[in-house]
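Observations on the model geometry
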Amino acid sequence: MKKIEAIIRTEKLEDVKRALSRTEHNHGMTVCQVLGFGKQQGFAELVRGQKVVPSLLAKVKVEMVVKDEDVETMIELIQATTLTGEVGDGKIFVSPIENVIRIRTNERGEEAL
Ligand SMILES: Nc1ncnc2c1ncn2[C@@H]1O[C@H](COP(=O)(O)OP(=O)(O)OP(=O)(O)O)[C@@H](O)[C@H]1O
Ligand SMILES: [Mg+2]
């Protein structure tokens, strides 16, 4: 299993949610409001060598734990939904998940997704 953390534009959240609800890999999601900056340090343009204090921009983080075989599909779905081509579109992080436990039933692993 893998955790997909996608940091996206706030206004893209509804589209991502809608796209996910249409797939069979839609086990669940966690969403939080975050502040952050990327390569441009929170500015639309950054002149090389210029020293600036980074500016924190409001973004949304979507977290999903999925089966290994569903990772690429999910990445494609998120990308297709959030891409504008402008800086600040966001980033997707993928990391391994050791185990999942459904509290109600004590199911473990993929069963618990
Ligand atoms: N290396 C990173 N580690 C943690 N969070 C990051 C990282 N890069 C980006 N983020 C988060 O993702 C958000 C969006 O980043 P952004 O899309 O601007 O990335 P970028 O690398 O600057 O790409 P682009 O050049 O397309 O803007 C940031 O506001 C920040 O919250
Ligand atoms: Mg950026």
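Use the structure listed above.
Since we're looking at a predicted model, the values are computed, not measured.

**Let's talk about the packing of helix α1 (residues 13-21) against helix α2 (residues 71-82)**
One way to put it is that α1 packs onto α2 with a least axis distance of 9 Å and a crossing angle of 140 degrees. By the angle class used here, α1 and α2 are oblique. Handedness of the α1/α2 crossing: right-handed. For the pair α1 and α2, the contacting residues are D15, V16, A19 and L20 in the first and M74, L77, T81 and T82 in the second. Residue composition of the contact of α1 with α2, by class: five nonpolar, two polar and one charged.

**Points about α2**
With 12 residues, α2 extends 16 Å from end C-alpha to end C-alpha; this agrees with the ideal 16 Å at 1.5 Å per step. By the burial criterion, the buried members of α2 are V71, M74, I75, L77, I78, T81 and T82. For α2, the angular spread of buried residues about the axis comes to 165 degrees, placing them on one side. Turned more than 90 degrees from where α2 packs its buried face, E72, E76 and A80 sit exposed.

**Section: the sheet that holds strand β3 (residues 57-66)**
Across a sheet, paired strands are connected by hydrogen bonds in the backbone, their directions being either parallel or antiparallel. Spatially, β2-β3-β1-β4 is the arrangement adopted by the four strands of the open sheet, whose pairing is antiparallel. Strands at the two margins of the open sheet, each flanked by one partner only, are β2 (30-36) and β4 (90-96). The sheet shows a mean angle of 25 degrees between the axes of neighbouring strands, taken without regard to direction. Here α1 sits on the sheet in contact with β1 (2-8), β2 and β3, set at roughly 15 degrees to β3. On the sheet, α2 packs against β1, β3 and β4 and is oriented at approximately 5 degrees with respect to β1.

**Comments concerning the site of ligand 1**
As a matter of local geometry, ligand 1 sits amid 13 residues, with K39, Q40, G88, G90 and K91 nearest to it. The separation between an oxygen atom of ligand 1 and a polar main-chain atom of F37 is 3.2 Å. Computed on the free molecule, ligand 1 has an accessible area of 610 Å², of which 71% lies beneath the protein chains in the complex. The greatest single-element share of the shell around ligand 1, amounting to three residues, is contributed by β4. The class makeup of the residues in the shell around ligand 1 is four nonpolar, five polar and four charged.

**With respect to α1**
Residues spaced three or four apart along an α-helix face the same direction, because each turn holds 3.6 residues. Every buried residue of α1 is accounted for by L13, V16, A19 and L20. Each buried residue of α1 lies within a common arc of 130 degrees when the element is viewed along its axis, so the set occupies one face. Elements that come into contact with the buried residues of α1 comprise β1, β2, β3 and α2.

**Let's talk about the nonpolar core**
Judged by nonpolar contacts, the single largest core of 16 residues is most densely connected at I4, I8 and M64. Elements supplying a minimum of two residues to this core: β1, α1, β3 and α2.

Rules used in this analysis
- Residues numbered from 1 in each chain as written.
- Chains lettered and ligands numbered in written order.
- Predicted model: local features only at pLDDT ≥ 70, side-chain atom pairs only at ≥ 80, totals over all residues.
- Heavy atoms only, no water.
- Axes fitted to C-alpha atoms, helices over the stretch in contact; angles between N-to-C directions.
- Helix = DSSP H or I, 4+ residues; strand = E, 2+ residues; numbered from the N terminus.
- Parallel < 35°, antiparallel > 145°, perpendicular 65-115°, else oblique.
- Left-handed = near helix turned anticlockwise from the far one by under 90°.
- Contact = heavy atoms within 4.5 Å.
- Nonpolar A, V, L, I, M, F, W, Y, C, P; charged D, E, K, R; others polar.
- Expected span 1.5 Å × (residues − 1).
- Buried < 20%, exposed > 50% of the residue type's maximum accessible area, 1.4 Å probe, protein only.
- Arc of directions from axis to C-beta.
- Pairing = 2+ DSSP bridges.
- Near = heavy atom within 4 Å.
- Polar contact = N/O pair within 3.5 Å; in protein donor to acceptor, adjacent residues only side chain to side chain.
- Areas by Shrake-Rupley, 256 points an atom, 1.4 Å probe, with all protein chains shown as cover.
- Core = buried A, V, L, I, M, F, W, Y, C linked by side-chain atoms within 4.5 Å.

These results come straight from atomic positions and should not be treated as a statement about function.
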